[in-house]
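Take a look at the letters that make up each chain.
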Amino acid sequence: MNKKDKAFFKDMIDVPSCDPVYNKNGKIIAWKITVECIDVHNFRAPNLRGGWLTSWVQTLDENKKALHRLTYVFKDGLFGRGAECAWQFRINMLGQLAKKHNEDIK
């Protein structure tokens, strides 16, 4: 991810899961990642290698603050690279979350 994409996720709360998506025959066709954010600045879909934004849901939490839930899908292609790209994206997001947590503690 580039600097612009990292700034897009600066108010991230959680990356709860990386789930497989199955077709009707039970074969994995894609991997789905959900990212939860407090605020989405200048909403756009970050340039992700092998992935695309499929849904964006805005809800309110108990304090009446906006909570955004973004869902990304990484297609599992001929060589099965979707799982690798999805997990790498999740690891990057968890790394950003850890950096934010360390900065908040200081």
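Reference entry: report on the structure contained in this document. No experiment lies behind these values; they were computed from the predicted model shown.

Conventions adopted
- Residues numbered from 1 in each chain as written.
- Predicted model: local features only at pLDDT ≥ 70, side-chain atom pairs only at ≥ 80, totals over all residues.
- Heavy atoms only, no water.
- Buried < 20%, exposed > 50% of the residue type's maximum accessible area, 1.4 Å probe, protein only.
- Helix = DSSP H or I, 4+ residues; strand = E, 2+ residues; numbered from the N terminus.
- Pairing = 2+ DSSP bridges.
- Axes fitted to C-alpha atoms, helices over the stretch in contact; angles between N-to-C directions.
- Core = buried A, V, L, I, M, F, W, Y, C linked by side-chain atoms within 4.5 Å.
- Contact = heavy atoms within 4.5 Å.

Concerning the pairing of strand β4 (residues 66-75)
Here's step 1: The buried fraction of β4 amounts to 7 of the 10 residues, a majority that puts the element mostly inside the structure.
Here's step 2: Judged from the 8 bridges that link them, strand β2 (residues 28-37) and β4 form a sheet pairing that is antiparallel. Residue pairing for β4: C37 is matched across the bridge by H68.
Here's step 3: The antiparallel hairpin formed by strand β3 (residues 51-60) and β4 contains 5 residues in its connecting segment, where K64 sits at a positive phi of about 65°.

Focus on the sheet that holds β2
Here's step 1: Strand order in the open sheet formed by 4 strands is β1-β2-β4-β3, with antiparallel pairing between adjacent strands. Two strands in the sheet have a free side with no partner beyond their single neighbour: β1 (12-22) and β3. Direction aside, the axes of adjacent strands within the sheet are offset by 20° on average.
Here's step 2: Both β3 and β4 contribute to a ladder of 9 bridges, which runs antiparallel.

Focus on the nonpolar core
Here's step 1: The biggest cluster of nonpolar side chains holds 15 residues, and the ones touching the most others in it are I33, V35, Y72, F74, A86 and F89.
Here's step 2: Sorting the residues of this core by element identifies β1, β2, β4 and α2 (81-105) as the ones contributing at least two each.
Here's step 3: Here the element with the most residues in this core is α2; it accounts for 5 residues.
Here's step 4: With residues up to four places along the chain from it excluded, the contact list for I33 reads V15, S17, C18, L70, T71, Y72, F74, A86, F89 and R90.

Topic: the environment of V21
Here's step 1: The residue V21 is located in strand β1 in this model.
Here's step 2: Between the C-alpha atoms of V21 and W31, which are 10 residues apart in sequence, the distance is 5.6 Å.

Focus on the side chain of T34
Here's step 1: Position of T34 among the secondary structure elements: in strand β2.
Here's step 2: The class of T34 is buried, set by a relative accessible area of 12%.
Here's step 3: What T34 contacts, discounting residues up to four positions off in sequence, is D14, V15, P16, S17, R69, L70 and T71.

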